[in-house]
Protein chains: 2
Amino acid sequence: MFIEIDFNSEEAFYIQLRNQIIIGIATNQFREGDTLPSVRQLAENVGINMHTVNKAYSVLKQEGFIRLDRRKGAVIALDADKLHAMEELEENLRVVLARAVCKGVAEEEVHQMVSEIFREMC
Amino acid sequence: MFIEIDFNSEEAFYIQLRNQIIIGIATNQFREGDTLPSVRQLAENVGINMHTVNKAYSVLKQEGFIRLDRRKGAVIALDADKLHAMEELEENLRVVLARAVCKGVAEEEVHQMVSEIFREMC
DNA sequence: CAGTTGTTATACTATGGATATAACAAAAGA
DNA sequence: TCTTTTGTTATATCCATAGTATAACAACTG
């Protein structure tokens, strides 16, 4: 799995890391039980500070995507709190879709895009 | 149209304003040509500073949702750059859906949610 | 034993969010 | 004409966050 930082992006480094890892899990490049690189290792690989990686991992733990093990490090472990995930999804979709609707994107086009993205996942 | 600030939210005030106005446009509470409240007026109504509202309006202009007129103020005016909107939508959906997929949300459930949200818009 | 792990603590810089005043030209209303 | 309101611009300040830099410690690994 390739993780890399876009240093020109306005998105915070730890958010970029978080999102890429979540997409990695969704696309099955990381699976339940797999171990992520150590904070020092990943930090060196992508060229950022150790604490920034640590923050990304902390957020991922707090959001229920990984478990932080003293001996194994960061392990993929999903909490599967589906109700909470659905609520969060709806809030996010409402904003994201509103932006698209204003610019003339049709419902059918959204459904197609959703199907296409799901084809890459699971 | 009710615009209000959640002072406990972690989201920046100007982002909250931006999102609510965009949703307002998408749900037809604001229509092309309608005028938004003046920066001073809206600032007083929702209880925040004038410059924060000004920033929200600047972002909305830069993103192609309103036009800032010397005489009329902030006027709803969509640039309808659909190609750009589609690209942005796909990027956003990829992250948002990945989070949901990890927590066990099924494709069919997403389609239903999209349809439901579209029912509130247009 | 040496090296690596996660973890915690502290300190510093830079940036961004939010506020507070202030001022100005242009437009609107009386 | 006078006053008010408009958008706009310019400073300045305060605080939180992002990112980096060292450092140290206990626990696990080889």
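You'll find the structure just up there.
Sequence order sets the numbering: in each chain, residues are counted from 1 along the sequence as written. Chain A is the first chain written and ligand 1 is the first ligand written, with later ones labelled in order. Whole-chain, interface and lining totals are the exception, using all residues; otherwise, since this is a predicted model, local features are given only for residues with pLDDT of at least 70 and side-chain atom pairs are given and counted only at 80 or more. Excluding hydrogens and water, the side-chain figures rest on all heavy atoms present in the structure.

Asks: Outline the interface of chain A and chain B, supporting the account with residue identities and numerical values.
Replies: Of the residues lining the interface, 47 residues belong to chain A; the matching set on chain B comes to 47 residues. The junction of chain A with chain B conceals about 4800 Å² of combined surface from both sides, 73% of it contributed by carbon and sulfur atoms. In terms of surface lost to chain B, no three residues of chain A exceed R99(A), K103(A) and F118(A), which account for 17% of the buried area on that side. Between Lys or Arg on one side and Asp or Glu on the other, a salt bridge is scored when a side-chain nitrogen of the former is within 4 Å of a carboxyl oxygen of the latter. Applying the counting rule to chain A against chain B returns ten salt bridges. In this structure, R99(B) and E63(A) form a salt bridge, with 3.2 Å as the shortest nitrogen-oxygen distance. Polar contact is defined as a pair of N or O atoms within 3.5 Å, subject to the rule that within protein one atom must be able to donate a hydrogen and the other to accept it, and that residues adjacent in sequence are counted only when both atoms are side-chain atoms. The interface formed by chain A and chain B contains 17 residue pairs in polar contact (both at pLDDT 80 or more). Where helices and strands are cited, they refer to DSSP runs of H or I of at least four residues and of E of at least two residues respectively, numbered from the N terminus. With 17 residues, the single largest contributor to the side of chain A that touches chain B is helix α4 (residues 82-102) of chain A. A per-class count over the side of chain A that touches chain B returns 27 nonpolar, six polar and 14 charged. Residue contacts are counted whenever heavy atoms from the two residues lie within 4.5 Å of one another. When two components associate, each loses some accessible surface as probed by a 1.4 Å sphere; the sum of these losses over both components is called the buried area. Nonpolar residues are Ala, Val, Leu, Ile, Met, Phe, Trp, Tyr, Cys and Pro. Charged residues are Asp, Glu, Lys and Arg, and all others, Gly as well, are polar.

Asks: Lay out the pairing of strand β1 (residues 66-69) of chain A with the relevant residues and their values.
Replies: Residues and elements named next belong to chain A. The criterion for strand pairing is that DSSP finds at least two bridges linking the strands in question. Two strands pair when backbone bridges link them, and β1 and strand β2 (residues 73-76) are joined in this way by four bridges, in the antiparallel orientation. Paired with L68 across the strands is A74, a residue of β2. Hairpin connection between β1 and β2: a loop of three residues separates the two successive antiparallel strands.

Asks: I'd love a proper account of the protein's contact with DNA strand D, names of residues and values included.
Replies: Around DNA strand D, 20 residues are found, and the nearest of them are F13(A), Y14(A), H51(A), K55(A) and H51(B). Taking all atoms of DNA strand D within 4 Å of the protein, the share assigned to sugar and phosphate is 56%. Between DNA strand D and T52(A), the relevant distance is 2.9 Å, taken from a phosphate oxygen to a side-chain nitrogen or oxygen of the residue. In the model, a phosphate oxygen of DNA strand D is placed 3.3 Å from a nitrogen or oxygen of the S38(B) side chain. Every element with two or more residues in the surface near DNA strand D is listed here: α1 (13-26) and α3 (50-62) of chain A together with α2 (39-46) and α3 (50-62) of chain B. Tallied by class, the residues present in the surface near DNA strand D amount to seven nonpolar, seven polar and six charged. It suffices for a single heavy atom of a residue to lie within 4 Å of a molecule or strand for the residue to be listed as near it.

Asks: Would you mind going over the relation of the copies chain A and chain B in detail, with residue names and values included?
Replies: Copies overlap after least-squares fitting; the atoms used are the C-alpha atoms of residues with pLDDT of at least 70 in both. Of the transformation superimposing chain A on chain B, the axial component is 0.0 Å and the angular component is 180 degrees, with the fit at an RMSD of 0.0 Å. When the rotation and shift are considered jointly, the pair of chain copies conforms to a two-fold rotation axis. Considering only C-alpha atoms, the residue of chain A closest to the rotation axis is H111(A), which sits at 3.2 Å. Looking at chain A, 100% of its interface residues are interface residues in chain B too, so the copies touch through the same face.

Asks: Explain the pattern of salt bridges to me, and be specific about the residues and the numbers.
Replies: Across all of its chains, the model carries 15 salt bridges over all chains by this definition. Here E88(A) makes a salt bridge to R99(B), at a shortest N to O gap of 2.8 Å. Of this pair, E88(A) sits in helix α4 while R99(B) sits in helix α4 (residues 82-102), on two different chains. A salt bridge links R94(A) to E90(A); the nearest nitrogen and oxygen atoms lie 2.7 Å apart. Taken together, the residues span about one helical turn, with R94(A) and E90(A) both in helix α4 at a distance of four residues. Buried, partly exposed and exposed residues are distinguished by accessible area as a fraction of the type maximum, computed with a 1.4 Å probe on protein chains only: under 20%, between the cut-offs, and over 50%, respectively. Of the residues examined, R94(A) reaches a relative accessible area of 23% and is grouped as partly exposed. In the salt-bridge network here, residues are joined through shared partners; they are R18(A), E63(A), E88(A) and R99(B).

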